[in-house]
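Commentary on secondary and tertiary structure
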Amino acid sequence: MVGAGWSCGAALEVVGARGGGRRAKMGEQREAGGGCGGGQRSELPKEVSLIKASPENIRMTIDSSSVSGKTVCVTGAGGFIASWLVKLLLQKGYTVIGTVRNPDDAKNSHLKELEGAKERLVLCKADLLDYESLLKAIWGCDGVFHTASPVTDDPEQMVEPAINGTKYIINAAAAAGVRRVVFTSTVGAIYMDPNRSPDVIVDESYWSDLEFCKNTKNWYCYAKTVAEKAAWEMARERGVNLVVVNPVLVLGPLLQPTVNASIVHIQKYLTGSTKTYANSIQAYVHVKDVALAHLLVYETPSASGRYLCAESVLHRGDVVEILAKFFPEYPIPTKCKDEVKPRVKPYKFSNKKVKNLGLELTPVNQCLYETVKSLQEKGHLPLPSN
Ligand SMILES: NC(=O)c1ccc[n+]([C@@H]2O[C@H](COP(=O)([O-])OP(=O)(O)OC[C@H]3O[C@@H](n4cnc5c(N)ncnc54)[C@H](OP(=O)(O)O)[C@@H]3O)[C@@H](O)[C@H]2O)c1
């Protein structure tokens, strides 16, 4: 038996492989890393042995029948949302193939500590711009959670991996015949439209305006919108069962050792680096709820379309007020950057669809509290000195 929860350039023997049908035999592990086994779908006939040249090669047998419906791939497994998703999937008994860009990077080591990781987590080296690496990770999985994406407004870093990576995933999922793909999109693919009336209730039927995203240099929203549109189009063309989760800004405790972009959004109000707050609004949701939404849309056969995942919309003034109540010891800004203009009003949204799956959303005050406590615990914020 091969210990999982780690990675390497691996050997893999596939028995009875077909799209959606490669499973590790009970009591055995699939090995991954420099390659997760696999190859082009067309190159994977019924019985095939795939050996990757590496001194650490480990041979193992994969059988399509033994753990039916239990092997899933999570892309970008070491990220903020994906780490919680991997944790949840392992708790539920799934075998998880987690893709990471560098399995040996210490920033992914928290994954190996998750309950069940030793037995049922395989880290697999893959990059969004490398189709073959993605196919290798996905091959034989019952489902794919595509969460990996750059999170930045730098167009050089953002646009190509977000869009092409998503296309590759849909293509690879089609080639591998997976049961369902869950794509982590964003509210940024929904609400960026200056012509939308402030009175409408934003729901899953809305799409961001690409020209507006481009003109405002909102490359994150631009790329995620194009990526989601491409995912829907390709899924239709290639017969892939796709469900999309569109979270708003995600907060909550970190599992990973690094601070991701949505957490910086709160961290900056506690470090003294931001002296004023913006006259703007933002919607928030708890990371555990987002992970659970992914699992629910995956496991609910009737789930379809998009799922907006949002708890509350707050003005930044409300955010700093809540933070100051919980954590008065930090230099939290008290002044708005733009006190001349009227305070921007929150938009209305519907979270009916995601709640109908049975999801109970954590109140935003708790999201904020847990975010700060986690930043303290992980050493990203000084502890109060009293
Ligand atoms: N956090 C939010 O507020 C929020 C809200 C709505 C939607 N989302 C979406 O949720 C997903 C996860 O976001 P997150 O907040 O968890 O971000 P995160 O912590 O930054 O995680 C992003 C992950 O994507 C991986 N990645 C980036 N570029 C890659 C590439 N070229 N090839 C392979 N992997 C790559 C990163 O791997 P490395 O560690 O190797 O860089 C990382 O594991 C993203 O799709 C994001 O758009 C996030």
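Residues numbered from 1 in each chain as written. Predicted model: local features only at pLDDT ≥ 70, side-chain atom pairs only at ≥ 80, totals over all residues.

If you check an unreviewed UniProt entry, the chain appears there as cinnamoyl-CoA reductase from Tetracentron sinense. The Sequence similarities (unreviewed entry) comment attached to the chain in UniProt states, word for word, "Belongs to the NAD(P)-dependent epimerase/dehydratase family. Dihydroflavonol-4-reductase subfamily." Quoted straight from UniProt, the Pathway (unreviewed entry) entry for the chain says "Aromatic compound metabolism; phenylpropanoid biosynthesis." (UniProt positions renumbered as here; feature names shortened; annotations may be inferred.)

**Concerning the overall build of the chain**
Each helix and strand in the chain was counted, giving twelve helices and 17 strands. The buried share of the chain, taken over its 386 residues, is 48%. (Helix = DSSP H or I, 4+ residues; strand = E, 2+ residues; numbered from the N terminus. Buried ≥ 20, exposed ≤ 12 C-beta atoms within 10 Å, placed from the backbone.)

**Let's talk about the sheet that holds strand β13 (residues 281-286)**
The strand order β11-β13-β15 describes an open sheet built from three strands, whose pairing is mixed. In the strand order of this sheet, the two ends are held by β11 (249-251) and β15 (312-315), each with one partner. Taking the axes of each pair of neighbouring strands and ignoring which way they run, one obtains an average angle of 45° across the sheet. Bridging between β13 and β15 involves four bridges; their strand directions are antiparallel. Counted as the bridge partner of Ala-283 is Val-313 from β15. Relative to the sheet, helix α9 (residues 287-299) contacts β11 and β13, its axis offset from that of β13 by approximately 65°. (Pairing = 2+ DSSP bridges. Axes fitted to C-alpha atoms, helices over the stretch in contact; angles between N-to-C directions. Contact = placed C-beta atoms within 7 Å.)

**Comments concerning the environment of His-294**
Examined against the element boundaries, His-294 turns out to sit in helix α9. You can call His-294 buried: it has 27 C-beta atoms within 10 Å. If sequence neighbours within four positions are ignored, His-294 has contacts with Leu-85, Phe-145, Val-182 and Val-245.

**Some words on the packing of helix α10 (residues 316-326) against helix α12 (residues 364-377)**
In contact at an axis separation of 10 Å, α10 and α12 are set at 60° when each is read in the N-to-C sense. Considered as vectors, α10 and α12 are oriented oblique to each other. For the element pair α10 and α12, the recorded crossing hand is right-handed. In contact with Val-319, Ile-322, Leu-323 and Phe-326 of α10, α12 contributes Asn-365, Leu-368, Tyr-369 and Val-372. Within the contact of α10 with α12, the residues separate by chemical class into seven nonpolar, one polar and no charged. (Parallel < 35°, antiparallel > 145°, perpendicular 65-115°, else oblique. Left-handed = near helix turned anticlockwise from the far one by under 90°. Nonpolar A, V, L, I, M, F, W, Y, C, P; charged D, E, K, R; others polar.)

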